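The residues making up each chain are set out below.
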Amino acid sequence: MTAPSISGPRLMARLRRMGEIGALEGGGVCRLALSDADREGRDQFVAWLEALGLTVQIDVIGNIWGLRPGLEEGPPVMIGSHIDTVATGGLYDGTLGVMAGLELVEALNMAQIQTRHPIAVAAFTNEEGARFAPDMMGSGVHQGALDLAEMRATRATDGSAVLGDELDRIGYAGPVPAASMTPRAYLELHVEQGPVLEAEGVAIGAVTGVQGISWTEFTITGQSNHAGTTPMSMRRDAGVVAAEIAIAARRVAGDAGPPQVATVGVLELTPGLVNVVPAEARLTVDLRHTEEAQLAASEARLMAAAEAAAEAEGCALTARRLARFGPVTFDPALVDRIAAAARARDLTVRRMPSGAGHDAQMFAPNCPAAMVFVPSAGGLSHNVHEHTDEADLVAGAQVLLDVVLDLAGAVA
(Lines give C-alpha, C1' and ligand atoms only; values in the text may rest on other atoms or scores of the structure.)
Protein backbone atom coordinates (compact mmCIF):
# COMPACT_ATOMS: atom_id res chain seq x y z
CA MET A 1 0.00 0.00 0.00
CA THR A 2 1.43 3.37 -1.04
CA ALA A 3 1.32 5.91 1.77
CA PRO A 4 -0.96 8.81 0.75
CA SER A 5 0.63 12.24 0.64
CA ILE A 6 -0.84 15.71 0.46
CA SER A 7 0.02 17.62 -2.73
CA GLY A 8 0.78 21.26 -2.06
CA PRO A 9 0.24 22.33 -5.68
CA ARG A 10 -3.20 20.65 -5.85
CA LEU A 11 -4.26 22.13 -2.50
CA MET A 12 -3.10 25.62 -3.47
CA ALA A 13 -4.74 25.41 -6.90
CA ARG A 14 -8.14 24.77 -5.34
CA LEU A 15 -7.64 27.50 -2.74
CA ARG A 16 -6.70 29.99 -5.44
CA ARG A 17 -9.61 28.96 -7.68
CA MET A 18 -12.08 29.40 -4.82
CA GLY A 19 -10.43 32.75 -4.08
CA GLU A 20 -11.36 33.91 -7.58
CA ILE A 21 -15.05 33.53 -6.70
CA GLY A 22 -16.16 36.74 -5.04
CA ALA A 23 -12.65 38.18 -5.34
CA LEU A 24 -12.18 41.76 -4.12
CA GLU A 25 -10.09 44.29 -6.00
CA GLY A 26 -6.71 44.47 -4.32
CA GLY A 27 -7.04 41.09 -2.62
CA GLY A 28 -9.36 39.14 -0.38
CA VAL A 29 -12.80 37.76 -1.08
CA CYS A 30 -16.48 38.40 -0.35
CA ARG A 31 -18.75 35.34 -0.46
CA LEU A 32 -21.51 36.25 1.94
CA ALA A 33 -23.81 33.34 2.77
CA LEU A 34 -26.42 32.58 0.08
CA SER A 35 -25.24 35.40 -2.18
CA ASP A 36 -24.61 34.87 -5.88
CA ALA A 37 -20.90 34.46 -5.12
CA ASP A 38 -21.72 31.81 -2.52
CA ARG A 39 -23.82 29.99 -5.10
CA GLU A 40 -20.90 30.02 -7.55
CA GLY A 41 -18.59 28.69 -4.85
CA ARG A 42 -21.07 25.94 -4.03
CA ASP A 43 -21.33 24.99 -7.69
CA GLN A 44 -17.55 24.69 -7.88
CA PHE A 45 -17.42 22.60 -4.70
CA VAL A 46 -20.09 20.21 -6.02
CA ALA A 47 -18.19 19.89 -9.31
CA TRP A 48 -15.03 18.95 -7.43
CA LEU A 49 -16.89 16.40 -5.30
CA GLU A 50 -18.34 14.75 -8.39
CA ALA A 51 -14.97 14.75 -10.17
CA LEU A 52 -13.51 12.81 -7.23
CA GLY A 53 -16.27 10.19 -7.52
CA LEU A 54 -18.06 11.19 -4.33
CA THR A 55 -21.81 10.92 -3.84
CA VAL A 56 -23.15 14.45 -3.31
CA GLN A 57 -25.83 15.15 -0.71
CA ILE A 58 -27.47 18.49 0.12
CA ASP A 59 -29.72 18.99 3.11
CA VAL A 60 -32.64 21.32 3.77
CA ILE A 61 -30.47 24.13 5.16
CA GLY A 62 -28.07 23.92 2.20
CA ASN A 63 -25.20 22.00 3.77
CA ILE A 64 -23.28 20.05 1.11
CA TRP A 65 -21.21 16.92 1.56
CA GLY A 66 -19.65 14.28 -0.62
CA LEU A 67 -19.48 10.68 0.56
CA ARG A 68 -16.61 8.29 -0.20
CA PRO A 69 -17.86 4.78 0.65
CA GLY A 70 -16.07 2.47 3.03
CA LEU A 71 -15.92 -1.31 3.02
CA GLU A 72 -18.42 -1.25 5.85
CA GLU A 73 -21.66 0.72 5.99
CA GLY A 74 -22.25 3.18 8.80
CA PRO A 75 -21.63 6.80 9.73
CA PRO A 76 -18.63 8.44 8.06
CA VAL A 77 -15.58 10.17 9.41
CA MET A 78 -16.44 13.73 8.40
CA ILE A 79 -14.08 16.53 7.41
CA GLY A 80 -15.82 19.88 7.24
CA SER A 81 -15.78 23.64 7.40
CA HIS A 82 -17.32 26.45 5.32
CA ILE A 83 -16.82 28.49 2.16
CA ASP A 84 -18.89 31.55 3.07
CA THR A 85 -16.85 34.58 4.17
CA VAL A 86 -17.22 37.95 5.83
CA ALA A 87 -17.52 40.97 3.54
CA THR A 88 -13.76 41.59 3.52
CA GLY A 89 -12.44 38.08 4.08
CA GLY A 90 -9.27 36.23 3.23
CA LEU A 91 -8.63 33.13 1.17
CA TYR A 92 -8.16 30.59 3.96
CA ASP A 93 -10.75 31.10 6.71
CA GLY A 94 -13.09 28.13 6.42
CA THR A 95 -12.15 27.40 2.83
CA LEU A 96 -8.92 25.67 3.88
CA GLY A 97 -10.83 22.99 5.78
CA VAL A 98 -13.05 22.21 2.81
CA MET A 99 -10.25 22.25 0.22
CA ALA A 100 -8.09 20.07 2.50
CA GLY A 101 -10.93 17.56 2.62
CA LEU A 102 -10.99 17.42 -1.18
CA GLU A 103 -7.20 17.06 -1.33
CA LEU A 104 -7.32 14.31 1.30
CA VAL A 105 -9.76 12.30 -0.81
CA GLU A 106 -7.72 12.84 -3.95
CA ALA A 107 -4.59 11.64 -2.13
CA LEU A 108 -6.44 8.48 -1.08
CA ASN A 109 -7.70 7.94 -4.63
CA MET A 110 -4.22 8.41 -6.09
CA ALA A 111 -2.78 5.89 -3.61
CA GLN A 112 -5.70 3.52 -4.31
CA ILE A 113 -6.48 3.24 -0.61
CA GLN A 114 -9.80 1.97 0.64
CA THR A 115 -11.04 2.59 4.16
CA ARG A 116 -13.14 0.47 6.45
CA HIS A 117 -15.46 3.37 7.27
CA PRO A 118 -16.87 5.99 4.87
CA ILE A 119 -15.36 9.46 4.63
CA ALA A 120 -17.38 12.63 4.05
CA VAL A 121 -16.21 16.09 2.99
CA ALA A 122 -18.63 18.86 3.98
CA ALA A 123 -19.23 22.59 3.53
CA PHE A 124 -21.74 24.08 5.96
CA THR A 125 -24.11 26.98 5.35
CA ASN A 126 -23.61 30.40 6.95
CA GLU A 127 -20.81 29.62 9.37
CA GLU A 128 -19.75 33.26 9.56
CA GLY A 129 -23.09 34.80 10.52
CA ALA A 130 -22.03 37.94 8.64
CA ARG A 131 -25.21 38.17 6.57
CA PHE A 132 -27.60 36.11 8.71
CA ALA A 133 -27.33 35.55 12.47
CA PRO A 134 -26.55 33.29 14.24
CA ASP A 135 -23.26 31.96 12.99
CA MET A 136 -22.62 28.19 12.69
CA MET A 137 -26.19 28.04 11.38
CA GLY A 138 -25.87 25.18 8.90
CA SER A 139 -23.96 22.90 11.25
CA GLY A 140 -26.32 23.87 14.08
CA VAL A 141 -29.37 22.77 12.10
CA HIS A 142 -27.48 19.69 10.87
CA GLN A 143 -26.85 18.59 14.46
CA GLY A 144 -30.25 19.59 15.85
CA ALA A 145 -29.04 22.55 17.92
CA LEU A 146 -30.96 25.12 15.83
CA ASP A 147 -34.52 24.95 14.52
CA LEU A 148 -34.87 24.75 10.74
CA ALA A 149 -38.07 26.80 10.45
CA GLU A 150 -36.71 29.52 12.69
CA MET A 151 -33.47 29.71 10.74
CA ARG A 152 -35.26 29.82 7.38
CA ALA A 153 -37.30 32.77 8.70
CA THR A 154 -34.17 34.70 9.74
CA ARG A 155 -33.91 38.14 8.19
CA ALA A 156 -30.56 39.44 6.97
CA THR A 157 -28.67 41.76 9.30
CA ASP A 158 -29.36 44.65 6.91
CA GLY A 159 -33.04 43.69 6.63
CA SER A 160 -32.83 43.11 2.88
CA ALA A 161 -33.62 39.40 2.58
CA VAL A 162 -34.96 36.31 4.34
CA LEU A 163 -32.66 33.31 4.58
CA GLY A 164 -35.14 30.72 3.34
CA ASP A 165 -35.98 32.83 0.29
CA GLU A 166 -32.30 33.22 -0.55
CA LEU A 167 -31.62 29.51 -0.04
CA ASP A 168 -34.42 28.71 -2.48
CA ARG A 169 -33.30 31.41 -4.91
CA ILE A 170 -29.78 30.02 -5.30
CA GLY A 171 -31.12 26.47 -5.61
CA TYR A 172 -29.49 24.93 -2.56
CA ALA A 173 -32.42 23.94 -0.36
CA GLY A 174 -31.77 20.23 -0.65
CA PRO A 175 -33.95 17.18 0.02
CA VAL A 176 -31.94 15.61 2.87
CA PRO A 177 -33.74 16.14 6.22
CA ALA A 178 -32.22 18.24 8.99
CA ALA A 179 -30.31 16.40 11.73
CA SER A 180 -30.31 13.31 9.52
CA MET A 181 -26.77 12.14 10.18
CA THR A 182 -24.22 12.29 12.97
CA PRO A 183 -20.76 11.23 11.82
CA ARG A 184 -18.51 8.66 13.41
CA ALA A 185 -16.13 11.55 14.16
CA TYR A 186 -15.75 15.13 12.98
CA LEU A 187 -12.46 16.87 12.14
CA GLU A 188 -11.82 20.41 10.95
CA LEU A 189 -8.61 21.99 9.69
CA HIS A 190 -8.53 25.77 10.10
CA VAL A 191 -6.16 28.69 10.21
CA GLU A 192 -5.66 29.80 13.81
CA GLN A 193 -6.97 33.35 13.19
CA GLY A 194 -4.69 34.53 15.97
CA PRO A 195 -0.99 35.17 16.63
CA VAL A 196 -0.04 32.42 19.09
CA LEU A 197 1.32 29.66 16.84
CA GLU A 198 3.39 32.03 14.74
CA ALA A 199 4.73 33.90 17.78
CA GLU A 200 5.81 30.65 19.44
CA GLY A 201 7.15 29.08 16.27
CA VAL A 202 4.74 26.12 16.55
CA ALA A 203 3.52 24.30 13.43
CA ILE A 204 0.30 22.64 14.61
CA GLY A 205 -2.41 23.56 17.09
CA ALA A 206 -4.30 20.65 18.66
CA VAL A 207 -7.49 22.47 19.57
CA THR A 208 -8.96 21.55 22.95
CA GLY A 209 -12.25 23.41 22.62
CA VAL A 210 -14.07 26.61 21.68
CA GLN A 211 -14.89 29.46 24.01
CA GLY A 212 -18.49 30.51 24.58
CA ILE A 213 -19.97 33.22 22.37
CA SER A 214 -22.69 35.77 23.16
CA TRP A 215 -23.96 38.24 20.54
CA THR A 216 -26.45 40.94 21.60
CA GLU A 217 -28.01 43.73 19.56
CA PHE A 218 -28.99 46.86 21.53
CA THR A 219 -31.47 49.39 20.13
CA ILE A 220 -31.78 52.72 21.93
CA THR A 221 -34.64 55.12 21.23
CA GLY A 222 -34.34 58.76 22.28
CA GLN A 223 -35.56 61.97 20.67
CA SER A 224 -34.26 63.75 17.59
CA ASN A 225 -33.63 67.44 18.20
CA HIS A 226 -31.60 70.45 17.10
CA ALA A 227 -27.91 70.19 17.99
CA GLY A 228 -27.56 73.94 18.61
CA THR A 229 -30.71 74.87 20.50
CA THR A 230 -31.32 71.85 22.76
CA PRO A 231 -29.67 72.26 26.21
CA MET A 232 -27.54 69.30 27.29
CA SER A 233 -29.69 68.74 30.35
CA MET A 234 -32.82 68.38 28.20
CA ARG A 235 -31.54 65.88 25.65
CA ARG A 236 -32.55 62.27 25.15
CA ASP A 237 -29.47 61.34 23.14
CA ALA A 238 -29.50 57.75 21.88
CA GLY A 239 -25.91 58.16 20.69
CA VAL A 240 -24.65 58.89 24.18
CA VAL A 241 -26.25 55.73 25.50
CA ALA A 242 -24.71 53.70 22.69
CA ALA A 243 -21.30 55.15 23.48
CA GLU A 244 -21.68 54.31 27.15
CA ILE A 245 -22.64 50.72 26.30
CA ALA A 246 -19.55 50.43 24.10
CA ILE A 247 -17.33 51.74 26.90
CA ALA A 248 -19.05 49.42 29.39
CA ALA A 249 -18.31 46.42 27.14
CA ARG A 250 -14.62 47.35 27.10
CA ARG A 251 -14.63 47.80 30.87
CA VAL A 252 -16.34 44.43 31.44
CA ALA A 253 -13.61 42.70 29.45
CA GLY A 254 -10.83 44.63 31.17
CA ASP A 255 -12.11 43.93 34.66
CA ALA A 256 -12.67 40.21 33.99
CA GLY A 257 -9.22 39.86 32.43
CA PRO A 258 -8.06 37.28 29.89
CA PRO A 259 -9.53 35.33 28.17
CA GLN A 260 -12.63 37.56 28.35
CA VAL A 261 -13.02 39.67 25.19
CA ALA A 262 -15.68 42.15 24.10
CA THR A 263 -16.23 43.73 20.69
CA VAL A 264 -18.65 46.36 19.40
CA GLY A 265 -18.86 45.39 15.74
CA VAL A 266 -21.83 47.50 14.58
CA LEU A 267 -22.70 51.04 15.64
CA GLU A 268 -25.34 53.03 13.74
CA LEU A 269 -26.98 56.37 14.54
CA THR A 270 -30.24 57.70 13.13
CA PRO A 271 -30.80 60.11 11.44
CA GLY A 272 -27.00 60.29 11.17
CA LEU A 273 -26.72 64.06 10.62
CA VAL A 274 -23.99 66.30 11.98
CA ASN A 275 -26.38 68.86 13.48
CA VAL A 276 -29.11 66.57 14.86
CA VAL A 277 -29.25 64.79 18.21
CA PRO A 278 -29.58 61.06 17.39
CA ALA A 279 -33.10 59.70 17.84
CA GLU A 280 -32.02 56.06 17.60
CA ALA A 281 -28.87 54.03 17.92
CA ARG A 282 -28.16 50.39 17.20
CA LEU A 283 -25.05 48.50 18.24
CA THR A 284 -23.91 44.92 18.64
CA VAL A 285 -21.73 43.50 21.40
CA ASP A 286 -19.81 40.24 21.03
CA LEU A 287 -18.71 38.69 24.35
CA ARG A 288 -16.56 35.55 24.56
CA HIS A 289 -15.06 33.48 27.37
CA THR A 290 -13.91 29.91 27.92
CA GLU A 291 -15.93 29.53 31.14
CA GLU A 292 -19.73 29.59 31.16
CA ALA A 293 -20.04 31.20 34.60
CA GLN A 294 -17.79 34.13 33.67
CA LEU A 295 -19.52 34.60 30.31
CA ALA A 296 -22.90 34.78 32.04
CA ALA A 297 -21.54 37.21 34.64
CA SER A 298 -20.17 39.48 31.89
CA GLU A 299 -23.52 39.39 30.08
CA ALA A 300 -25.35 40.38 33.28
CA ARG A 301 -22.93 43.20 34.04
CA LEU A 302 -23.17 44.59 30.52
CA MET A 303 -26.96 44.48 30.57
CA ALA A 304 -27.09 46.30 33.89
CA ALA A 305 -24.78 49.01 32.54
CA ALA A 306 -26.89 49.40 29.39
CA GLU A 307 -30.13 49.71 31.35
CA ALA A 308 -28.59 52.28 33.72
CA ALA A 309 -27.24 54.36 30.83
CA ALA A 310 -30.59 54.38 29.04
CA GLU A 311 -32.49 55.32 32.18
CA ALA A 312 -30.10 58.17 32.98
CA GLU A 313 -30.57 59.64 29.49
CA GLY A 314 -34.34 59.11 29.40
CA CYS A 315 -34.13 56.70 26.48
CA ALA A 316 -35.88 53.39 25.80
CA LEU A 317 -33.69 50.30 25.47
CA THR A 318 -34.36 46.95 23.81
CA ALA A 319 -31.91 44.05 23.68
CA ARG A 320 -32.11 41.17 21.21
CA ARG A 321 -29.98 38.07 21.43
CA LEU A 322 -28.44 37.26 18.05
CA ALA A 323 -26.45 34.21 19.09
CA ARG A 324 -25.56 32.33 22.27
CA PHE A 325 -23.32 29.25 22.39
CA GLY A 326 -21.78 27.92 25.55
CA PRO A 327 -18.12 26.89 25.77
CA VAL A 328 -17.34 23.51 24.17
CA THR A 329 -14.68 20.94 25.07
CA PHE A 330 -13.44 18.69 22.27
CA ASP A 331 -12.94 14.95 22.64
CA PRO A 332 -9.68 14.49 24.63
CA ALA A 333 -8.78 11.23 22.88
CA LEU A 334 -9.18 12.84 19.46
CA VAL A 335 -7.10 15.83 20.54
CA ASP A 336 -4.43 13.33 21.66
CA ARG A 337 -4.54 11.68 18.21
CA ILE A 338 -3.94 15.03 16.52
CA ALA A 339 -1.00 15.82 18.79
CA ALA A 340 0.49 12.36 18.24
CA ALA A 341 0.08 12.62 14.45
CA ALA A 342 1.91 15.96 14.46
CA ARG A 343 4.77 14.60 16.57
CA ALA A 344 5.03 11.53 14.34
CA ARG A 345 5.85 13.89 11.47
CA ASP A 346 8.36 15.84 13.61
CA LEU A 347 6.04 18.84 13.75
CA THR A 348 5.88 20.97 16.86
CA VAL A 349 2.42 21.02 18.44
CA ARG A 350 0.60 23.11 21.02
CA ARG A 351 -2.67 22.32 22.75
CA MET A 352 -4.84 25.42 22.69
CA PRO A 353 -8.45 26.64 22.83
CA SER A 354 -10.10 28.44 19.92
CA GLY A 355 -11.17 32.04 20.40
CA ALA A 356 -13.34 31.91 17.28
CA GLY A 357 -16.49 29.87 16.76
CA HIS A 358 -16.35 26.92 14.35
CA ASP A 359 -18.68 24.28 12.93
CA ALA A 360 -16.82 21.68 15.00
CA GLN A 361 -18.44 22.97 18.19
CA MET A 362 -21.86 21.96 16.88
CA PHE A 363 -20.71 18.35 16.49
CA ALA A 364 -18.88 18.07 19.82
CA PRO A 365 -21.98 17.22 21.92
CA ASN A 366 -22.94 14.36 19.57
CA CYS A 367 -19.72 12.69 18.40
CA PRO A 368 -15.95 12.86 18.90
CA ALA A 369 -14.87 16.19 17.41
CA ALA A 370 -11.64 18.16 17.29
CA MET A 371 -9.71 20.66 15.20
CA VAL A 372 -6.26 21.18 13.71
CA PHE A 373 -4.89 24.73 13.61
CA VAL A 374 -2.11 26.08 11.40
CA PRO A 375 -0.42 29.49 11.91
CA SER A 376 -1.90 32.76 10.69
CA ALA A 377 0.69 35.27 9.49
CA GLY A 378 0.58 38.29 11.77
CA GLY A 379 -2.45 36.79 13.50
CA LEU A 380 -4.65 38.32 10.78
CA SER A 381 -8.03 36.88 9.79
CA HIS A 382 -11.35 38.36 8.66
CA ASN A 383 -8.96 40.53 6.70
CA VAL A 384 -8.05 40.66 3.01
CA HIS A 385 -4.38 40.23 3.96
CA GLU A 386 -4.98 36.90 5.72
CA HIS A 387 -2.12 34.54 4.87
CA THR A 388 -0.63 31.18 5.82
CA ASP A 389 2.49 29.79 4.18
CA GLU A 390 2.00 26.86 1.84
CA ALA A 391 4.32 24.66 3.91
CA ASP A 392 2.11 25.23 6.98
CA LEU A 393 -1.06 24.50 5.01
CA VAL A 394 0.39 21.24 3.71
CA ALA A 395 1.61 20.23 7.17
CA GLY A 396 -1.86 20.77 8.64
CA ALA A 397 -3.54 18.88 5.82
CA GLN A 398 -1.10 15.98 6.23
CA VAL A 399 -1.84 15.74 9.96
CA LEU A 400 -5.54 15.80 9.11
CA LEU A 401 -5.05 12.99 6.58
CA ASP A 402 -3.10 10.88 9.07
CA VAL A 403 -5.80 11.22 11.73
CA VAL A 404 -8.62 10.50 9.24
CA LEU A 405 -6.85 7.35 8.06
CA ASP A 406 -6.43 6.25 11.66
CA LEU A 407 -10.15 6.80 12.35
CA ALA A 408 -11.49 5.45 9.07
CA GLY A 409 -9.18 2.41 9.02
CA ALA A 410 -6.99 2.13 5.94
CA VAL A 411 -7.27 -1.25 4.19
CA ALA A 412 -4.42 -2.52 2.02
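Residues numbered from 1 in each chain as written. Predicted model: local features only at pLDDT ≥ 70, side-chain atom pairs only at ≥ 80, totals over all residues. Heavy atoms only, no water.

**Thoughts on the nonpolar core**
So, point 1. Judged by nonpolar contacts, the single largest core of 96 residues is most densely connected at Met-78, Leu-187, Phe-330 and Val-399.
So, point 2. In terms of residue count, the dominant contributor to this core is helix H12 (residues 390-408) (12 residues).
So, point 3. With residues up to four places along the chain from it excluded, the contact list for Leu-187 reads Met-78, Ile-79, Gly-80, Leu-334, Ile-338, Ala-370, Leu-400, Val-403, Val-404 and Leu-407.
So, point 4. Residues Ala-242, Val-285, Leu-295 and Ala-310 belong to the second largest nonpolar core, which totals 18 residues. (Core = buried A, V, L, I, M, F, W, Y, C linked by side-chain atoms within 4.5 Å. Buried < 20%, exposed > 50% of the residue type's maximum accessible area, 1.4 Å probe, protein only. Helix = DSSP H or I, 4+ residues; strand = E, 2+ residues; numbered from the N terminus. Contact = heavy atoms within 4.5 Å.)

**What about the environment of His-142?**
So, point 1. If you trace the backbone, His-142 turns up in helix H4 (residues 137-142).
So, point 2. Remark: the alpha-carbon pair of His-142 and Phe-363, spanning 221 residues in sequence, is separated by 8.9 Å.
So, point 3. What His-142 contacts, discounting residues up to four positions off in sequence, is Asp-59, Asn-63, Trp-65, Phe-124, Ala-179, Ser-180, Met-181 and Phe-363.

**Points about unusual backbone geometry**
So, point 1. Pro-134 follows Ala-133 through a cis peptide bond whose omega is 10°.
So, point 2. As for its position among the elements, Pro-134 is in the loop between strand E5 (119-123) and H4.
So, point 3. Residue Pro-258 is joined to Pro-259 through a cis peptide bond whose omega torsion reads 10°.
So, point 4. Checked against the element boundaries, Pro-259 lands in the loop between helix H8 (238-256) and strand E10 (261-270).
So, point 5. Positive phi values are uncommon outside glycine, yet Gln-193 reaches one of about 70°.
So, point 6. When its relative accessible area of 19% is taken as the criterion, Gln-193 is described as buried.

**Structural notes on helix H9 (residues 292-313)**
So, point 1. Helix length check: H9, at 22 residues, gives a terminal C-alpha distance of 32 Å against a target of 32 Å (1.5 Å per residue), a fit within 8%.
So, point 2. Here H9 has its buried residues at Leu-295, Ser-298, Glu-299, Leu-302, Ala-306, Ala-309, Ala-310 and Glu-313. Seen from one end, H9 has its buried residues packed into an arc of 100°, which puts them on one side. Across from the buried face of H9, at angles greater than 90 degrees, the exposed residues are Ala-293, Glu-311 and Ala-312.
So, point 3. In this fold, the buried residues of H9 make contact with strand E8 (212-221), H8, strand E12 (280-289) and strand E13 (316-325).
So, point 4. Once H9 finishes, Gly-314 follows within two positions and takes phi at roughly 75°, a positive value. (Expected span 1.5 Å × (residues − 1). Arc of directions from axis to C-beta.)

**Side note on H12**
So, point 1. Between its first and last C-alpha atoms H12 spans 26 Å; for 19 residues at 1.5 Å apiece the expected length is 27 Å, and the two agree.
So, point 2. Taken across its 19 residues, H12 has 14 buried, putting it largely inside the fold.
So, point 3. Backbone geometry just after H12 places Gly-409 at a positive phi near 80°.

**Here's the deal with the pattern of salt bridges**
So, point 1. Scanning all chains against the criterion turns up 25 salt bridges.
So, point 2. Ionic pairing is found between Arg-42 and Asp-38, a salt bridge with its closest N-O pair at 3.2 Å. Remark: Asp-38 and Arg-42 occur in helix H2 (residues 36-51); sequence separation between them is four residues, near one turn of the helix.
So, point 3. Residue classification places Arg-42 among the buried residues on the basis of a relative accessible area of 4%.
So, point 4. According to the relative accessible area criterion, Asp-38 is buried, its value standing at 3%.
So, point 5. Within the structure, one salt-bridge network assembled from shared partners comprises Asp-36, Arg-39, Arg-131, Glu-166 and Arg-169. (Salt bridge = Lys/Arg side-chain N within 4 Å of Asp/Glu carboxyl O.)

**Let's talk about the side chain of Thr-388**
So, point 1. Here Thr-388 shows up in the loop between strand E16 (369-374) and H12.
So, point 2. What makes Thr-388 buried here is its relative accessible area of 1%.
So, point 3. Here Thr-388 is in contact with Tyr-92, Val-191, Val-374, Pro-375, Ser-376 and Leu-393, once residues within four sequence places are set aside.

**Some remarks on the packing of aromatic side chains**
So, point 1. Scanning all chains against the criterion turns up three aromatic pairs.
So, point 2. With a centroid separation of 6.2 Å and an interplanar angle of 50°, the aromatic rings of Phe-124 and Tyr-186 are classed as tilted. Of the two residues, Phe-124 sits in the loop between E5 and H4 while Tyr-186 sits in strand E6 (residues 185-191), which places them 62 residues apart along the sequence.
So, point 3. Judged by its relative accessible area of 0%, Tyr-186 is buried.
So, point 4. Measuring from centroid to centroid gives 4.2 Å for Tyr-186 and Phe-363, while their planes differ by 5°, and the two rings are stacked. (Phe/Tyr/Trp six-rings, centres within 6.5 Å; stacked < 30°, edge-to-face > 60°.)

Structural measurements only, silent on function.
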